[in-house]
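# Observations on chain architecture
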Amino acid sequence: MTLTFLLWEEYHREHPDGYSYSHFCDLFLEYCKISDPRMHQVHKAGEKLFVDYAGQTLPVLDCATGEIVQVQIFVAAWGASDYTYAEATFTQSQPDWIGSHVRAVHFFGGCPRILVPDNITTGVKTPCRYEPVMTRSYEEMAAYYGMVIIPARVKKPRDKAVVEKHVQIVEQRILAVLRDRTLVGLNDCNQAIWELLEDLNSRPFQKMPGSRRQLFADLDAPAMLPLPAERYEYAEWTKARLGFNYHLSADKSYYSAPHALIHKVLDVRLSQKIVEIFHGSERVASHLRSYVAGFHATEPSHMPSSHREYAEWTPDRIVRWAGSTGPNTARAVEHILNRHLHPEQAFRSCMGVISLGKKYGADRLESACARAVSFGCPTYKSLKSILQAKLDTAPLPSSEQDRQIPDHANIRGAGYFQQALALYDTER
């Protein structure tokens, strides 16, 4: 039972002598023609570019896996001239969606003032008839090219009738032609699409003079916005909380931000080469992007002063500092560093020696190091004891003779043992 027959039965019960079913159908058809009128849309030159994905996909051999995959077909068409662009991508993800827009405007050689997409989730974060919210990456790309985004109303395909029509044309004139062709890889697929697209745009109109290409050159091309000097570089936006170690996690790597923002949720922009960190509208950090999992990128100015001073000390820097005080201080520090298996184990001792120089002065520290080195025991504690006892002012032994053991009845010396050994040999 059709809807029309149901309506006629309800009508006939109230009006038994009324219209016959066939007459009712004719009248109902006339009513339908006038009850839902179509508004003729006039598009200004260079104003609107309509974008969407085709419902039909295309089988392509994936070179990486050797499997047949269904690729997505992106379609963009100008409102005034119907000039069309199409390409294939593996997915409808945000990188592919925005990448297709970038390639489209560079194919056209200019930009529209208004982009009209469907309410695809990779482009429209929150669909709304009055105030739709775009994804940040999509909005950033549009702003880079000077475009604004006005998505079609939800479930209102007539708002983008231009691209709906051109999706059908692309399916009929391009995808249908390629349906039996074996396409290997995405590049091969797009080359085939663009060859047929060239024919589509150059084909003469049936009911009017010219072609899409000619109409584009006459209408849209002179009125569209110029391209910027550099091609837009795709970037993703995310949020991350700055940890207690003043680093946040982004794409499995860690990047520092000012320690004053610890525990704050910050905006992170990840492009192919750069990672930028924002607090509100202010950019607070920028790093080269790393693709090594677990990598830490640290800017010294983001550290607390105590951490920064410690991080800046290296074995070479410590020895250079010690050399600026004097050669004996340098030798003492080298001795301290060499006593440990890992140099960082000696950093605190060396920092202690530095603090002694600040407290007692460089000259006294140099003298204390000279005494400690001469006895082969330069450590932080021994240097501190020397300085506290003011032994650094005492003269050092001037020769090997000064270091000999003094004569004393209770000190036998090395000669005693030599005599004892000679006596033992004689008795044998």
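Calculation notes
- Residues numbered from 1 in each chain as written.
- Predicted model: local features only at pLDDT ≥ 70, side-chain atom pairs only at ≥ 80, totals over all residues.
- Heavy atoms only, no water.
- Helix = DSSP H or I, 4+ residues; strand = E, 2+ residues; numbered from the N terminus.
- Buried < 20%, exposed > 50% of the residue type's maximum accessible area, 1.4 Å probe, protein only.
- Contact = heavy atoms within 4.5 Å.
- Areas by Shrake-Rupley, 256 points an atom, 1.4 Å probe, with all protein chains shown as cover.
- Expected span 1.5 Å × (residues − 1).
- Axes fitted to C-alpha atoms, helices over the stretch in contact; angles between N-to-C directions.
- Parallel < 35°, antiparallel > 145°, perpendicular 65-115°, else oblique.
- Left-handed = near helix turned anticlockwise from the far one by under 90°.
- Nonpolar A, V, L, I, M, F, W, Y, C, P; charged D, E, K, R; others polar.
- Pairing = 2+ DSSP bridges.
- pLDDT = per-residue confidence, 0-100.

## Some details on the overall build of the chain
Across its full length, the chain carries 15 helices and 15 strands. Across the 428 residues of the chain, 38% fall into the buried class. Look at the contacts in the chain between residues 6 or more apart in sequence, and 59% of them connect residues 24 or more apart. A total of about 25,900 Å² of accessible surface is found on the chain, and carbon and sulfur atoms cover 53% of it.

## Things to note about helix 6 (residues 185–202)
With 18 residues, helix 6 extends 27 Å between its outermost C-alpha atoms, agreeing within 8% with the 26 Å of an ideal straight helix rising 1.5 Å per residue. Regarding helix 6, the residues found buried are Gly185, Cys189, Asn190, Ala192, Ile193, Leu197, Leu200 and Asn201.

## As for the environment of leucine 200
Here leucine 200 is to be found in helix 6. With 117 residues separating them along the chain, leucine 200 and tyrosine 83 place their C-alpha atoms 9.1 Å apart. Setting aside its immediate chain neighbours within four residues, leucine 200 contacts Ile169, Arg173, Ile174 and Arg212.

## A look at the packing of helix 10 (residues 315–325) against helix 12 (residues 347–360)
Packing of helix 10 against helix 12 leaves a shortest axis separation of 11 Å and a crossing angle of 20°. As summarised for this structure, helix 10 and helix 12 are arranged roughly parallel, according to the angle between their axes. Of the two elements, helix 10 crosses helix 12, and the hand of that crossing is left-handed. Residues Pro315, Ile318 and Trp321 of helix 10 form the contact with helix 12, whose participating residues are Phe347, Cys350, Val353 and Ile354. Of the residues assigned to the contact of helix 10 with helix 12, the class counts are 7 nonpolar, no polar and no charged.

## Focus on unusual backbone geometry
Positive phi values are uncommon outside glycine, yet tyrosine 246 reaches one of about 50°. Within the secondary structure, tyrosine 246 is located in the loop between strand 9 (235–241) and strand 10 (247–250). The backbone phi angle of lysine 390 is positive, close to 60°, even though this residue is not glycine. As for its placement among the helices and strands, lysine 390 is situated in the loop between helix 14 (380–388) and helix 15 (413–427).

## With respect to the sheet that holds strand 15 (residues 296–297)
Here we have 3 strands laid out as an open sheet, ordered 10-11-15, and mixed in their pairing. Of all strands in the sheet, those bounded by a partner on one side alone are strand 10 and strand 15. Judged from the 4 bridges that link them, strand 10 and strand 11 (residues 253–256) form a sheet pairing that is antiparallel. Bridge pairing in strand 11 links serine 249 to tyrosine 254.

## Points about the confidence of the model for the chain
Looking at the chain, the pLDDT average stands at 83 and 84% of residues meet or exceed 70. Per-residue pLDDT stays below 50 along residues 399–403; that stretch engages in 2 contacts with residues further than four places along the chain or on separate chains.

## What about the sheet that holds strand 13 (residues 274–279)?
The pairing of strands in a sheet happens through backbone hydrogen bonds and is either parallel or antiparallel. In spatial order, the strands read 9-12-13-14; together these 4 strands make up an open sheet with antiparallel pairing. Where the open sheet ends on each side, the last strands, each with one partner, are strand 9 and strand 14 (282–288). The mean inter-strand angle of the sheet, taken between neighbouring strand axes irrespective of direction, is 25°. In terms of strand pairing, strand 12 (residues 265–271) meets strand 13 through 4 bridges, oriented antiparallel. What sits directly across from arginine 269, in strand 13, is glutamate 276. Contacts between helix 4 (residues 136–144) and the sheet are confined to strand 9 and strand 12, with strand 9 contributing the most and set at about 135° to the helix.

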